[in-house]
Amino acid sequence: MSKPVVLIAEELSPATLAALGPDFEVRNVDGANRDALLPALAAGVDAVLIRSATKMDAEAIAAAKGLKVIARAGVGLDNVDIPAATEAGVMVVNAPTSNIVSAAELAIALLLACARFVSPAHAALKNGKWARSKYTGAEVSEKVLGVIGFGRIGQLVAARMQAFGMEVIAYDPYLPAARAAQLGVQLVDLDNLLAKSDFITIHLPKTKETANLIDAKALEKVKPTVRIVNAARGGVLDETALYEALKAGKVAGAGLDVYATEPCTDSPLFTLDNVVATPHLGASTDEAQERAGIAVAVSVRKALGGELVPDAVNVKGGFIHEEIRPSLPLVEKMAQIATHLAGENPTTMEVQVRGDISVHDASILATSALKGALAATSDEDITYVNAPNLAQTRGMSSSVNNDPDCPEFRSAITLKCGFSSGKFLNIQGTLMGIRKVEKIVKIDNFDLDLPTNNHLVFLQYSDKPGVVGTVGGLLGKAGVNIASMQVARNQEGGTALMALNVDSPVNLDTLNALSAEVGAGIVKAVTLVF
């Protein structure tokens, strides 16, 4: 078999290639060269690894038939059309924590350089000027640092600047005050932060809500001695308003690494001695680049190996606990079985997570159920990426609820399906033993102990003698070997359900013969897709 193809569109560290390993065919292209990129994608690739110069827009994604993963070796995804990727079933992954230390350290470097006029003093000295009196700066010890956006990077900056003796306050409407208190930081509203801070550092993404958040009106509220650092995203800090405030003495200094338009080489801010500026270097350390490359290489390996990547940006469900992960394929198969038995896609599915695993977030299993049901009836490539949108267009929904009560097993999952025809069907599954062997243990009121092998056959009929022999004979005549058989009934002489694992698919003629000979009301052959 040919190896999956991974296209490297930009220069990545040797450690990235090492993390990919020998199981892939690696091709290279200059992703910034559109005339080279599109043919390379059209030639057939399974994954593409990019940084910031390669634009994976709708055109590029459409050209890459069979593409499964776009991996961005970094944090930002401005150069990836995520809706187009999602519609195409392409997983988008990045390395969200790869550069947090580097970004935090650069913000601190800008803050200290701004406080002590490091950049202009250095330039003056290189030009032969010994200007000690001109560049008198300010200490940070015992000053107030205001952190706008108290996520991972903001928290790293706070911890490090507390070691400098700074009091830290923060503005973040999404962070619980208790969490900030644990870190020795007081949460305040934005106006209070602007008024109280001696230094301000920004750590927000640029969104509709945050664009020009720190504008001329906001800068009217700060101390004239304040120094402002933005090493997060350009456009959160209004650069024109900042320039005017610096010129008017309403702001004492600024440290900038990001700009509203990049690359930026001619800003009037660069003419001011009280501004220290760098060209978007937040993630530009050897360590951050290596971490990012290794992280996305591991994600590509997982995705092309059929695993769900927990931090894929366009997969609903978020972080997947290791105790929940083995249940993903089980729920997919349960949904496939339910769909085949009913002969139609369910309109509603409720995944009930019971027992020990119920203490974990299992919301991803809602997507597992949708993926399994769609895979049973669709020729499309159904993935965790496109399953929710496809299900929505077909009037399908799913939900998850957790219940610690599970009297028969340590943990079990019940899938309750409703169909537009008015049918209802429940399937219960569990993972047995240390090896977590998948078993179907109940279909409606019929108790089973059924492994989830590739090929299954189900018959529902009136309980009577001789059926086992009849079924065995007909399958044997058709050359189908039975691996295991389960027979359950609701009562003696009532309704019986037979479930068989077989070694090969069962054709329609054999199914019709089984129905006629047994008098079965339901005869279904199920080939599980996984």
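Refer to the structure printed above.
Worth saying up front: this structure is predicted, and the values here are computed from it rather than measured. (Residues numbered from 1 in each chain as written. Predicted model: local features only at pLDDT ≥ 70, side-chain atom pairs only at ≥ 80, totals over all residues. Heavy atoms only, no water.)

### Concerning empty space enclosed by the protein
This model, assessed by the stated rule, comprises 1 cavity of 30 Å³ or more. Along the walls of the largest cavity sit 13 residues, with Cys114, Phe117, Asp273, Asn274 and Val275 positioned nearest its centre. When contributions to the lining of the largest cavity are tallied by element, the ones reaching two or more residues are α5 (100–115), α6 (118–126) and β12 (275–277). Looking at which element gives the most residues to the lining of the largest cavity, the answer is α6, with 3 residues. Residues of the lining of the largest cavity, tallied by class, amount to 8 nonpolar, 3 polar and 2 charged. (1 Å grid on protein atoms, 1.4 Å probe; cavity = no way out; pocket = protein on both sides within 12 Å on 5 of 7 lines; lining within 4 Å. Points joined across faces, edges and corners; volume = space filled by probe spheres on them. Helix = DSSP H or I, 4+ residues; strand = E, 2+ residues; numbered from the N terminus. Nonpolar A, V, L, I, M, F, W, Y, C, P; charged D, E, K, R; others polar.)

### Looking at a negative patch on the surface
Residues Glu105, Asp286, Glu287 and Glu290 make up a contiguous surface patch of negative charge. By residue number, the principal contributor to the negative patch is helix α12 (residues 286–304), which donates 3 residues. As for its position among the elements, Glu105 is in helix α5. (Patch = residues over 30% accessible without salt bridge, like charges linked within 9 Å, V, L, I, M, F, W, Y side chains within 5 Å. Areas by Shrake-Rupley, 256 points an atom, 1.4 Å probe, with all protein chains shown as cover. Salt bridge = Lys/Arg side-chain N within 4 Å of Asp/Glu carboxyl O. Lys, Arg positive; Asp, Glu negative; His and termini not counted. Charge placed at Lys NZ, Arg CZ, Asp CG, Glu CD.)

### Structural notes on the environment of Pro329
Considering the arrangement of structural elements, one finds Pro329 in helix α13 (residues 327–342). Under the relative-accessibility criterion, Pro329 is labelled partly exposed at 31%. (Buried < 20%, exposed > 50% of the residue type's maximum accessible area, 1.4 Å probe, protein only.)

### Points about the packing of aromatic side chains
Applying the stated criterion across every chain yields a total of 2 aromatic pairs. Aromatic side chains Tyr259 and Phe270 sit 5.6 Å apart centroid to centroid with 90° between the ring planes, which places their arrangement in the edge-to-face category. Taken together, the residues Tyr259 in the loop between β11 (253–256) and β12 and Phe270 in the loop between β11 and β12 connect sequence positions 11 residues apart. Taking relative accessible area as the criterion, Tyr259 reaches 5% and is therefore assigned buried. (Phe/Tyr/Trp six-rings, centres within 6.5 Å; stacked < 30°, edge-to-face > 60°.)

### Here we look at helix α2 (residues 34–42)
Along α2, the positions that sit buried rather than exposed are Leu37, Leu38, Ala40 and Leu41. Angular distribution of buried residues about the axis of α2 spans 165°; they occupy a single face of the element. Along α2, exposed side chains directed more than 90 degrees from the buried face belong to Asp35 and Ala42. Residues of α2 that are buried sit in contact with β1 (5–8), β3 (47–50) and α3 (58–63). (Arc of directions from axis to C-beta. Contact = heavy atoms within 4.5 Å.)

### With respect to unusual backbone geometry
Cis geometry marks the peptide bond from Glu262 to Pro263, where omega comes out at 0°. Here Pro263 shows up in the loop between β11 and β12. A positive phi is found at Asn212, a non-glycine position, where the angle reads about 50°. With respect to the helices, strands and loops of the structure, Asn212 is situated in the loop between β9 (199–202) and α10 (216–219). Phi is positive for Asp444, which is not a glycine, with a value near 50°. You can see Asp444 is positioned in the loop between β17 (437–443) and β18 (446–451). A residue is classified by how much of its surface remains accessible, and Asp444, at 33% relative accessible area, is partly exposed.

### Regarding the sheet that holds strand β6 (residues 144–148)
If you trace the 7 strands from one edge of the open sheet to the other, you get β8-β7-β6-β9-β10-β11-β12, paired in parallel fashion. Two strands lie at the open edges of the sheet, namely β8 (186–187) and β12, each paired on one side alone. Sheet topology note: the strand β10 (residues 227–230)/β11 ladder contains 4 bridges and is parallel. For Arg227, the partnering residue across the bridge sits in β11 and is Gly253. This element, helix α7 (residues 152–162), spans β6, β7 (167–171) and β9 of the sheet and lies at about 170° to β6. (Pairing = 2+ DSSP bridges. Axes fitted to C-alpha atoms, helices over the stretch in contact; angles between N-to-C directions.)

### Re the pairing of β10
Burial of β10 is two-sided: the residues Arg227 and Val229 facing one way and the residues Ile228 and Asn230 facing the other way are all buried. Of the crossover connections in this fold, the one passing from β10 over helix α11 (residues 239–247) to the parallel β11 is right-handed. (Right-handed = clockwise from strand over helix to strand, strands pointing away.)

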